[in-house]
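Chain by chain, the residues:
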Amino acid sequence: MTARSNNTLDKTRALQHKLYLAAKRSPNRRFHALFDRVYREDVLRRAWLEVRANQGAPGVDAITIADIEAAGVEDFLDSLAAILRDGSYRPQPVRRVWIPKPGKAGKMRPLGIASVADRVVQQAVKIVVEPIVEADFLPCSFGFRPKRSAHDALQAMRDAVRAGRTWVVDADIESFFDRLDRDLVLECLRERISDRRVLKLIRAILSTGVLDGTVLSNPAEGIPQGGPLSPVLANVVLHRLDRAWGQWYAHLGVLVRYADDECICCPTRERAEQALAALGEILAGLGLSLAADKTRIVHVADGTQGYDFLGFHHRMVPSRRNPQFRYPACWPSDRAMRQARSRVRELTGRNRRHVPTHLLVDDLNRFLRGWRQYFRYGNSARSGRGNGMKHIIMSGNRLGLEALSGNVRYGRLAHADR
């Protein structure tokens, strides 16, 4: 099984590499023969492996990953390939669930859960389409891209601030996924893809109904958030923002974008105000707008103001050796800390008092390991915020809990459009 998995991975990676190089060599080429690659046996198998690795809840059909494995993965993939090949595939409605907004008590956000079969199809489409559009994406985009991470985005932003761009436009797009125009998504894809069957399949995925409890609706706009294909489609649309910024507004400041979260680092207040106006105009052309209550201009040079971006609070702080010198530092934001405390309370609440201690510790360690791995970046330990979780747990290491102290990880050199 392992040898077959490795062979599948090698073949699909070779396909992706070939598509990426072809797209990179010919910036104006439109790819027309892609649909048969979507239902290729190795592509569907890799899509299945990635969906299985991510686990996830069942969709409206209540079929779980374990159910498919029990019935036979080979038969499942063969039947999926057959209905894709003959054009009879129809995606099922997504099951809407409401999850708490991180750090916002009482506020919920919708998440669309597609069926396992639909997630496999979306993943297969992503395997084929992503390398083509990836060839066009610009250095200022970091979210959900191969070999790029949130830490790279943070480092690019810190480098810009360190270089003197201390007026920061902290921007937030209003209800991005809910307001995204499906026709615009397909229009952006048509710049690189001309295969009608692939575009038809993506349109069908975008147009699926939404089952909220027992109510089935068909929203006229927006795309379900939570499927494997959603981040790629978001980047395809927002690539127009990146492209317009690089062509017309790069002199105003450095744009750093992670999916639909972005900030612009500018050298002066005047340029920051111009950058904010330009950003609003570009988004208006995409049928989107900025959230007025979440978008602001922050001056970080004197250390009196800071802002939150990608879970970290960013602020200029004085150097210990030379207090006259300030440098950009970051540590877990108050919102991230509230979310972490809430999660620890969930894992150790009274409703779990019947769970054996070693299982509680395992659950806590799984969360703490991921939390530490992300928030060890930057100045978390030095600020004292990185060790704050120790005071939440109040048990030291007597139970074998993961330690949150240790080496701080600094970002690698990252570049964004200037």
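First things first, this report covers the structure right here in the doc.

The rules behind these values
- Residues numbered from 1 in each chain as written.
- Predicted model: local features only at pLDDT ≥ 70, side-chain atom pairs only at ≥ 80, totals over all residues.
- Heavy atoms only, no water.
- Helix = DSSP H or I, 4+ residues; strand = E, 2+ residues; numbered from the N terminus.
- Contact = heavy atoms within 4.5 Å.
- Areas by Shrake-Rupley, 256 points an atom, 1.4 Å probe, with all protein chains shown as cover.
- Pairing = 2+ DSSP bridges.
- Axes fitted to C-alpha atoms, helices over the stretch in contact; angles between N-to-C directions.
- Expected span 1.5 Å × (residues − 1).
- Buried < 20%, exposed > 50% of the residue type's maximum accessible area, 1.4 Å probe, protein only.
- Arc of directions from axis to C-beta.

### Here's the deal with the overall build of the protein
Counting its regular elements, the protein contains 16 helices and 11 strands. In the protein, the proportion of contacts linking residues at least 24 apart, taken out of those at least 6 apart, comes to 71%. Split by element, the accessible area of the protein, about 20,700 Å² in all, is 51% carbon and sulfur.

### Some thoughts on the sheet that holds strand 4 (residues 210–212)
Each strand in a sheet pairs with another by means of backbone hydrogen bonds, the pair being arranged parallel or else antiparallel. On the basis of which strands lie adjacent, the open sheet formed by four strands has the order 2-1-4-5 and mixed pairing. The open sheet has two free edges, formed respectively by strand 2 (108–113) and strand 5 (215–217), since each of these has just one partner strand. Put simply, the sheet's adjacent strands are angled 35° from each other on average, direction ignored. Across three bridges, the pairing between strand 4 and strand 5 is antiparallel.

### Comments concerning helix 5 (residues 73–85)
Each α-helix winds once per 3.6 residues, and so residues spaced three or four apart point in a common direction. Between the first and last C-alpha of helix 5 there are 18 Å, a value that for 13 residues agrees with the 18 Å anticipated at 1.5 Å per step. Taken residue by residue, helix 5 has Val 73, Phe 76, Leu 77, Leu 80, Ala 81 and Leu 84 as its buried positions. An end-on view of helix 5 places all buried positions within 130° of arc, on one side of the element. Looking one or two residues beyond helix 5, the residue adopting positive phi is Gly 87, at roughly 80°.

### Side note on the sheet that holds strand 6 (residues 254–258)
With antiparallel pairing, the four strands of this open sheet are ordered in space as 6-7-3-8. Each edge of the sheet is formed by a strand with only one pairing partner; in this case those strands are strand 6 and strand 8 (296–299). Sheet twist, expressed as the average angle between the axes of neighbouring strands with direction ignored, equals 20°. Relative to strand 8, strand 3 (residues 167–172) runs antiparallel, the two being bridged by four bridges. Pairing of Asp 170 across the sheet is with Arg 296, part of strand 8. Along the sheet, helix 7 (residues 150–162) contacts strand 3, strand 6 and strand 7 (261–266); its crossing angle with strand 6, the most-contacted strand, is approximately 165°. Sitting on the sheet, helix 11 (residues 230–249) touches strand 6 and strand 7, and the angle it makes with strand 6 is about 175°.

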